[in-house]
Amino acid sequence: MFKVTNTTRGTTVGDSIELADTSLKRMFGLLGKRGLDAGGGLWIKPSSGVHTVGMSFKIDVVGLDRNLKIVKMWRCLPPFRVTSVSLKLRSVLELPCGTITQSQLQVGDQLQVDASS
(Lines give C-alpha, C1' and ligand atoms only; values in the text may rest on other atoms or scores of the structure.)
Protein backbone atom coordinates (compact mmCIF):
# COMPACT_ATOMS: atom_id res chain seq x y z
CA MET A 1 0.00 0.00 0.00
CA PHE A 2 1.05 3.53 -0.74
CA LYS A 3 0.24 7.04 0.42
CA VAL A 4 -0.10 9.68 -2.30
CA THR A 5 0.39 13.33 -1.36
CA ASN A 6 -0.10 16.45 -3.46
CA THR A 7 3.05 18.35 -2.50
CA THR A 8 1.94 21.42 -4.49
CA ARG A 9 -1.21 21.89 -2.37
CA GLY A 10 -0.22 20.05 0.82
CA THR A 11 -3.15 17.62 0.61
CA THR A 12 -3.42 13.85 0.91
CA VAL A 13 -4.82 12.19 -2.20
CA GLY A 14 -5.07 8.71 -0.68
CA ASP A 15 -3.45 6.64 2.05
CA SER A 16 -4.43 3.13 0.91
CA ILE A 17 -3.38 3.10 -2.72
CA GLU A 18 -2.66 -0.32 -4.22
CA LEU A 19 -0.04 -0.80 -6.93
CA ALA A 20 -0.83 -2.53 -10.23
CA ASP A 21 2.57 -3.01 -11.82
CA THR A 22 2.27 -6.43 -13.46
CA SER A 23 0.43 -7.33 -16.67
CA LEU A 24 -2.16 -9.32 -14.73
CA LYS A 25 -2.79 -6.64 -12.10
CA ARG A 26 -3.03 -3.91 -14.77
CA MET A 27 -5.41 -6.01 -16.89
CA PHE A 28 -7.89 -6.64 -14.06
CA GLY A 29 -7.44 -3.35 -12.18
CA LEU A 30 -10.64 -2.56 -10.30
CA LEU A 31 -12.81 -5.08 -12.18
CA GLY A 32 -14.99 -7.06 -9.80
CA LYS A 33 -14.89 -4.41 -7.07
CA ARG A 34 -18.08 -2.72 -5.96
CA GLY A 35 -16.43 0.59 -5.17
CA LEU A 36 -13.47 2.27 -3.55
CA ASP A 37 -13.24 3.30 0.07
CA ALA A 38 -12.27 6.89 0.90
CA GLY A 39 -8.49 7.13 0.75
CA GLY A 40 -8.28 4.05 -1.46
CA GLY A 41 -7.32 3.67 -5.06
CA LEU A 42 -5.15 1.96 -7.62
CA TRP A 43 -1.86 3.21 -9.07
CA ILE A 44 -1.38 1.65 -12.49
CA LYS A 45 2.13 1.77 -13.89
CA PRO A 46 3.03 1.83 -16.60
CA SER A 47 -0.14 3.18 -18.18
CA SER A 48 -0.99 5.70 -20.87
CA GLY A 49 -4.79 5.49 -20.41
CA VAL A 50 -7.52 3.37 -18.83
CA HIS A 51 -11.00 2.00 -19.45
CA THR A 52 -13.97 1.41 -17.17
CA VAL A 53 -15.52 -1.37 -19.27
CA GLY A 54 -17.13 -3.91 -16.93
CA MET A 55 -16.99 -1.64 -13.87
CA SER A 56 -20.08 -0.81 -11.86
CA PHE A 57 -19.08 2.56 -10.37
CA LYS A 58 -17.60 5.93 -11.34
CA ILE A 59 -13.96 6.77 -10.66
CA ASP A 60 -11.70 9.80 -10.79
CA VAL A 61 -8.67 9.19 -13.00
CA VAL A 62 -5.42 11.15 -12.71
CA GLY A 63 -2.77 10.80 -15.42
CA LEU A 64 0.84 11.31 -14.33
CA ASP A 65 4.09 11.89 -16.19
CA ARG A 66 7.40 10.16 -15.35
CA ASN A 67 8.03 12.65 -12.50
CA LEU A 68 4.53 12.14 -10.96
CA LYS A 69 3.31 15.52 -12.18
CA ILE A 70 -0.39 15.65 -13.11
CA VAL A 71 -0.83 15.81 -16.88
CA LYS A 72 -4.53 15.02 -17.30
CA MET A 73 -7.61 14.33 -15.16
CA TRP A 74 -11.02 12.73 -15.69
CA ARG A 75 -13.65 13.45 -13.03
CA CYS A 76 -16.16 10.73 -12.13
CA LEU A 77 -15.55 8.68 -15.26
CA PRO A 78 -18.64 6.47 -15.66
CA PRO A 79 -18.58 2.74 -16.41
CA PHE A 80 -17.99 1.63 -20.01
CA ARG A 81 -15.81 4.59 -20.95
CA VAL A 82 -12.24 4.86 -22.25
CA THR A 83 -9.86 7.72 -21.52
CA SER A 84 -7.80 9.21 -24.29
CA VAL A 85 -4.34 7.72 -24.62
CA SER A 86 -1.42 10.07 -24.13
CA LEU A 87 2.26 9.42 -24.75
CA LYS A 88 2.97 11.91 -21.94
CA LEU A 89 1.34 9.61 -19.37
CA ARG A 90 3.54 7.10 -17.57
CA SER A 91 1.14 6.05 -14.81
CA VAL A 92 -2.47 6.55 -13.78
CA LEU A 93 -4.24 6.83 -10.43
CA GLU A 94 -7.78 5.46 -10.19
CA LEU A 95 -9.51 7.06 -7.21
CA PRO A 96 -12.99 7.29 -5.67
CA CYS A 97 -15.26 9.70 -7.52
CA GLY A 98 -14.87 13.16 -5.95
CA THR A 99 -11.23 12.76 -4.89
CA ILE A 100 -9.95 15.21 -7.52
CA THR A 101 -12.16 17.97 -6.10
CA GLN A 102 -11.65 16.99 -2.45
CA SER A 103 -7.85 16.87 -2.80
CA GLN A 104 -7.82 20.12 -4.83
CA LEU A 105 -5.89 18.42 -7.65
CA GLN A 106 -4.97 20.49 -10.70
CA VAL A 107 -3.02 19.81 -13.87
CA GLY A 108 0.62 20.63 -13.16
CA ASP A 109 0.50 19.64 -9.47
CA GLN A 110 3.37 17.51 -8.18
CA LEU A 111 2.48 14.26 -6.41
CA GLN A 112 4.62 12.17 -4.09
CA VAL A 113 4.19 8.44 -3.50
CA ASP A 114 5.46 6.82 -0.29
CA ALA A 115 5.04 3.34 1.16
CA SER A 116 2.27 3.38 3.79
CA SER A 117 3.43 2.68 7.32
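Structure first, text after, so check above.
To start, this report covers the structure provided alongside it. No experiment lies behind these values; they were computed from the predicted model shown.

**Topic: the pairing of strand β1 (residues 2-6)**
Both β1 and strand β2 (residues 11-20) contribute to a ladder of four bridges, which runs antiparallel. Across the sheet, the residue bridging to T5 is T12, located in β2. What sits between the antiparallel neighbours β1 and β2 is a turn of four residues, in which G10 has the positive phi angle 75°. As judged from the five bridges shared by β1 and strand β7 (residues 111-115), these two strands associate in the antiparallel manner. Within β7, the residue paired with N6 across the bridge is L111.

**Things to note about the environment of G29**
Note that G29 resides in the loop between α1 (23-28) and β3 (40-44). Residue classification places G29 among the partly exposed positions, given a relative accessible area of 23%. Sequence-wise, G29 and H51 are 22 residues apart; in three dimensions their C-alpha atoms are separated by 9.7 Å.

**Let's talk about the layout of surface pockets**
Taken as a whole, the largest pocket encloses approximately 240 Å³ of empty space. Lining the largest pocket are 17 residues, with E18, L30, K33, L36 and G41 sitting closest to its centre. For the lining of the largest pocket, the elements supplying multiple residues, two or more each, are β2 and β3. The dominant element in the lining of the largest pocket, judged by the number of residues it contributes, is β2, at four residues. Split into classes, the residues belonging to the lining of the largest pocket amount to seven nonpolar, six polar and four charged. Of the volumes computed, that of the second largest pocket is approximately 170 Å³. What lines the second largest pocket is simply R26, M27, F28, G29, L30, L31, I44, G49, V50, H51, M55 and E94. Examining the composition of the lining of the second largest pocket, we find that three residues originate from one element, α1, more than from any other.

What counts and what doesn't
Residues numbered from 1 in each chain as written. Predicted model: local features only at pLDDT ≥ 70, side-chain atom pairs only at ≥ 80, totals over all residues. Heavy atoms only, no water. Pairing = 2+ DSSP bridges. Helix = DSSP H or I, 4+ residues; strand = E, 2+ residues; numbered from the N terminus. Buried < 20%, exposed > 50% of the residue type's maximum accessible area, 1.4 Å probe, protein only. 1 Å grid on protein atoms, 1.4 Å probe; cavity = no way out; pocket = protein on both sides within 12 Å on 5 of 7 lines; lining within 4 Å. Points joined across faces, edges and corners; volume = space filled by probe spheres on them. Nonpolar A, V, L, I, M, F, W, Y, C, P; charged D, E, K, R; others polar.

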